[in-house]
Amino acid sequence: MTDPKIIVAIDSSNQEQALNIIDQLDSELCMIKIGSVNFNSLGNLCINKAFEKGFKIFLDLKLHDIPNTVKESILGLKHYPISMLTIHTSGGLDMMRAAVEGVEGTNIKIFGVTALTSLSDSDSERIFRRDIRSQVNSLLDLAEEGGIDGVVCSPQELELLSKRKSLLSITPGIRLKNLQDDQKRVMTPKEAVELGADYIVVGRPITSSENISKSLNEIYLSIQ
Ligand code: C5P
């Protein structure tokens, strides 16, 4: 069976609230993303609960450190029932290779964050002294060379990925309408999937909605 394309981000540090969101989701329609907000306060609790309920899990801790530290961190995480985890591609080639070594013997896929979807072009100019596209493009070169499974990028950079067959894509920054929040490089679920996104990450548009299961269903139907 292929993985669901939708990954719902459980960005809550409150156990009751996080478990309540998981309870309203359907493992046939989505995977679950556990990031630092949840993991740093609740540890592996939600990973185990979601796994018991049949969900595939994306552990999004965005590791960014020297190669040895990243590999050792992954050796400590690889026993969790997770399908994917994230590092930062800007950690460099050796760090990506160390991450790949870290998951050896498992089916866990390594995804590399390129440029956060909350960054605008002017943020990118200030941080990297070049626009987002050039920044992402050079990180894609590195990701391919480093042998990781895929990257996390905004839907606006999916076109750059279409020439790179070895890399899968995960795209956050998904919005049904413009919410004027911290996400800047956004698109609708349908647009992102039409542009070739292998997975889309949706957080607040589902988890902050009045009817979580209805919102998930609507997004699921919109990309069929
Ligand atoms: O609530 P929202 O839909 O903005 O959630 C997006 C999720 O994707 C958050 O958990 C955020 O940490 C994550 N993410 C992102 N941009 C990246 C990588 C991950 O927004 N480049």
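Here we summarise the structure given alongside this text.

## Describing the overall build of the chain
Then comes step 1: The secondary structure content of the chain amounts to 11 helices and eight strands.
Then comes step 2: The C-alpha atoms of the chain give 17 Å as radius of gyration, which agrees with the globular expectation for 224 residues (17 Å, within 12%).
Then comes step 3: Each of the three principal axes of the chain carries a C-alpha extent, and together these read 40 × 40 × 35 Å.
Then comes step 4: Counting all 224 residues of the chain, 49% fall into the buried class.
Then comes step 5: Carbon together with sulfur atoms contributes 46% to the accessible area of the chain, which is approximately 10,800 Å² in total.

## As for the site of the ligand
Then comes step 1: Residues in close proximity to the ligand total 17 residues, the closest being Asp11, Lys33, Thr117, Arg175 and Arg204.
Then comes step 2: The side chain of Lys33 places a nitrogen or oxygen atom 2.7 Å from an oxygen atom of the ligand.
Then comes step 3: A distance of 2.7 Å separates a nitrogen atom of the ligand from a polar side-chain atom of Thr117.
Then comes step 4: Against a free-state accessible area of 470 Å², the protein chains account for coverage of 88% of the ligand.
Then comes step 5: When grouped by side-chain class, the residues that make up the shell around the ligand number eight nonpolar, three polar and six charged.

## Some words on the sheet that holds strand β7 (residues 168–171)
Then comes step 1: Pairing is parallel around the closed barrel formed by eight strands, whose spatial order is β1-β2-β3-β4-β5-β6-β7-β8. Ignoring which end each strand starts from, the neighbouring axes of this sheet average 25° apart.
Then comes step 2: Strand direction decides the pairing type here: strand β1 (residues 6–9) and strand β2 (residues 30–35), joined by four bridges, are parallel. Bridged to Ile6 within β2 is Cys30.
Then comes step 3: Where helix α4 (residues 67–77) meets the sheet, it contacts β3 (57–63), β4 (84–88) and β5 (109–113), and its direction lies at approximately 155° from that of β3.

## Some thoughts on the packing of helix α1 (residues 15–23) against helix α3 (residues 45–52)
Then comes step 1: With their axes 11 Å apart at the nearest point, α1 and α3 run at an angle of 20° to one another. Regarding the angle of α1 to α3, the classification is roughly parallel. Here α1 and α3 pass one another in a crossing that is right-handed. Contact residues: Gln15, Ala18, Leu19 and Ile22 in α1; Leu45, Cys46, Lys49 and Ala50 in α3.
Then comes step 2: Looking at the contact of α1 with α3, its residues break down into six nonpolar, one polar and one charged.

## Brief notes about the nonpolar core
Then comes step 1: Of all hydrophobic cores here, the largest spans 58 residues; its most connected members are Leu25 and Ile87.
Then comes step 2: In this view, Ile87 contacts Lys62, Leu63, Val70, Ile74, Met95, Met96, Ala99, Ile110, Phe111, Gly112, Val113 and Ile148; residues no more than four positions away in its chain are not counted.
Then comes step 3: Counting residues in hydrophobic clusters, the runner-up holds 11 residues, among them Ile7, Phe58, Met84 and Phe111.

## Quick look at the environment of Lys49
Then comes step 1: Locating Lys49 in the fold gives a position in helix α3.
Then comes step 2: Once the C-alpha coordinates of Lys49 and Leu216 are considered, the two residues, 167 residues apart in sequence, prove to be 19 Å apart.

## What about the side chain of Thr171?
Then comes step 1: Structurally, the position occupied by Thr171 is in strand β7.
Then comes step 2: Not counting chain neighbours up to four residues away, the residues in contact with Thr171 comprise Cys153, Ser154, Pro155, Leu158, Ala192, Ala197, Tyr199, Ile200 and Val201.

## Some points on the side chain of Thr89
Then comes step 1: Topologically, Thr89 is positioned in the loop between β4 and α5 (93–102).
Then comes step 2: Aside from chain neighbours lying at most four places away, what touches Thr89 is Met96, Gly112, Val113, Thr114, Leu139, Leu142, Ala143, Ile148 and Val151.

Reading the values: the criteria
- Residues numbered from 1 in each chain as written.
- Predicted model: local features only at pLDDT ≥ 70, side-chain atom pairs only at ≥ 80, totals over all residues.
- Heavy atoms only, no water.
- Helix = DSSP H or I, 4+ residues; strand = E, 2+ residues; numbered from the N terminus.
- Rg over C-alpha atoms; globule rule 2.2 N^0.38 Å.
- Buried < 20%, exposed > 50% of the residue type's maximum accessible area, 1.4 Å probe, protein only.
- Areas by Shrake-Rupley, 256 points an atom, 1.4 Å probe, with all protein chains shown as cover.
- Near = heavy atom within 4 Å.
- Polar contact = N/O pair within 3.5 Å; in protein donor to acceptor, adjacent residues only side chain to side chain.
- Nonpolar A, V, L, I, M, F, W, Y, C, P; charged D, E, K, R; others polar.
- Pairing = 2+ DSSP bridges.
- Axes fitted to C-alpha atoms, helices over the stretch in contact; angles between N-to-C directions.
- Contact = heavy atoms within 4.5 Å.
- Parallel < 35°, antiparallel > 145°, perpendicular 65-115°, else oblique.
- Left-handed = near helix turned anticlockwise from the far one by under 90°.
- Core = buried A, V, L, I, M, F, W, Y, C linked by side-chain atoms within 4.5 Å.

So, to be careful, I would describe these as geometric facts and stop short of saying anything about function.
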